[in-house]
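# Topology and contacts: notes
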Amino acid sequence: MKRFKIILICSLLAFLVSCSQLQAANSGQTLLRLAHNQNSEHPIHKSLTEFSTLVEEKTGGNVKVVIYPNGQLGTEREIIELTQTGAVDIAKVSAGALENFEGTYSLFNLPYLFDDKEHYYQSMESSVAEEIYGLTDEIGFIGLTYYDSGVRNVYTRQTPVMTPEDMRGLKIRVQPSGTAIRMIELMGGAPTPMDYGEVYTSLQQGVIDGTENNETALTSGKHGEVAKEYSYTEHSIVPDILIISSTKWGRLAPEEQDAVKEAAEESTQLHKKLWAQETESAIEEAKKMGVNFSYPEKEPFKEAVMPLHKQFENNPETGEFYRKIREEADGS
Ligand code: GCU
């Protein structure tokens with residue numbers, strides 16, 4: 001089945017590549033294929049569409065971004081791999097997925113790393129993030145910008161999670177990320193890593209008891225149809241990252257690179273506002289779907305995951321970045 005899927009994606013890509021090369025050859029325009037895993041109603045798709053418009057405007061139409069949403073070109077892992085080979089030019093993926101390609105990205109998956117949204121925005125717009133974006137050039141891609149993907153909370157089919165004890169025995173889906181797996185273990189649950197695209201069916205069939213994500217997953221991802229208890233553990237703020245293939249980047253003229261980078265950063269700012277509005281709407285819509293929202297005390301969850309902080313501080317890959325981010329918050 002997996003082999004069939006890979007062959008199908010490769011044939012589709014070969015077709016798309018030949019079409020886009022033809023078109024590009026005709027018009028002298030460079031086409032950039034951008035893949036992501038959310039549907040076209042999701043706020044991230046709207047912000048990526050804005051990115052695409054800005055790129056076209058800023059390059060006077062010389063560079064055009066074509067978006068493939070809905071995971072139609074593959075899971076996050078697959079589209080990162082396709083970006084490495086240059087079959088996909090740009091991908092919007094979670095830092096959770098990037099952790100498997102460059103360990104430093106695991107930092108952004110660390111629970112309770114950021115104190116609040118302000119601290120998160122400040123860190124993501126500092127030299128720390130910019131340095132991390134460059135680390136993957138050798139393995140075929142670089143980061144361009146980040147997008148707010150909300151605060152992640154635990155939600156289950158029927159059990160509100162008010163304390164770490166409530167997590168005991170619950171199978172909780174996590175992103176395929178070592179940090180997320182360890183986090184749920186420390187919080188008391190049984191982590192089940194899987195791709196985002198499989199979560200709805202797994203909740204429906206009871207393969208998992210719950211998962212953790214932002215509120216848009218309840219509505220746009222339809223999880224709220226089957227998961228009725230959303231608990232604000234507010235354990236992590238994992239950014240989405242926009243990555244571009246190093247080969248494609250190298251082929252853009254310096255002024256085109258500047259335009260793409262600027263467009264990316266501008267769309268990040270626009271996305272912040274859109275995200276806030278759409279999160280509010282998602283909460284209202286989820287309530288209508290019968291989802292109940294609870295507000296547990298966060299301290300016991302924070303205490304439970306503190307061993308991970310020590311580990312990140314002592315790890316040579318993440319230690320320096322971890323300290324810089326924490327110093328901002330602690331004011332030292
Ligand atoms: C967020 C993120 C997605 C990711 C998903 C997940 O919604 O924006 O990129 O796939 O989390 O939990 O896998």
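Residues numbered from 1 in each chain as written. Predicted model: local features only at pLDDT ≥ 70, side-chain atom pairs only at ≥ 80, totals over all residues. Heavy atoms only, no water.

## A closer look at the site of the ligand
Stated precisely, the cut-off is as follows: Near residues are defined by distance, with any heavy atom within 4 Å of the molecule or strand qualifying the residue. Each polar contact in these results corresponds to two N or O atoms within 3.5 Å; when the atoms are within protein, one needs to be able to donate a hydrogen and the other to accept it, and residues that are neighboring in sequence are counted only if both atoms are side-chain atoms. Calculation of accessible area relied on Shrake-Rupley with a 1.4 Å probe; when residues are assessed, cover is drawn exclusively from the protein chains displayed.
Lining the immediate environment of the ligand, one finds 13 residues, of which N37, E76, S149, R152 and R173 sit closest. In this structure, N37 approaches the ligand through a side-chain N or O atom, which is 2.9 Å from an oxygen atom. Side-chain polar atom of D240 to an oxygen atom of the ligand: 2.9 Å apart, as the coordinates give it. Bound to the protein, the ligand loses 98% of the 320 Å² it would expose on its own.

## Some points on unusual backbone geometry
Put simply, the rule is: Between buried and exposed lies partly exposed: a residue is buried under 20% and exposed over 50% of the maximum accessible area for its type, with that area taken using a 1.4 Å probe on protein chains only.
The residue Y112 is not glycine, and still its phi comes out positive at about 55°. Given the relative accessible area of 7%, Y112 is considered buried. Of note in the backbone geometry, E234 takes a positive phi value of approximately 45° without being a glycine. Exposure remark for E234: the relative accessible area of 32% places this residue in the partly exposed category.

## A word on the confidence of the model for the protein
Threshold: The score called pLDDT rates the predictor's confidence residue by residue, from a low of 0 to a high of 100. Residues count as neighbours in contact if any of their non-hydrogen atoms are within 4.5 Å of one another.
On average, residues of the protein score 94 in pLDDT, and 92% of them reach the 70 mark or higher. Low confidence marks residues 17-23, where pLDDT is under 50. Its contacts with residues over four positions away, or in another chain, come to 4 contacts. Both scores are available for the predicted complex, with the pTM at 0.94 and the ipTM at 0.98.

## Quick look at the environment of R157
Note the following rule: Think of it this way: any DSSP run of H or I at least four residues long counts as a helix, any run of E at least two long counts as a strand, and we number them from the N terminus.
As for its placement among the helices and strands, R157 is situated in the loop between β5 (152-156) and β6 (171-174). For R157, a relative accessible area of 28% puts it in the partly exposed group. If we skip the residues at most four places from it in the chain, R157 touches L203, Q204, Q205, G206, I208, D209, V226, A227, K228 and E229.

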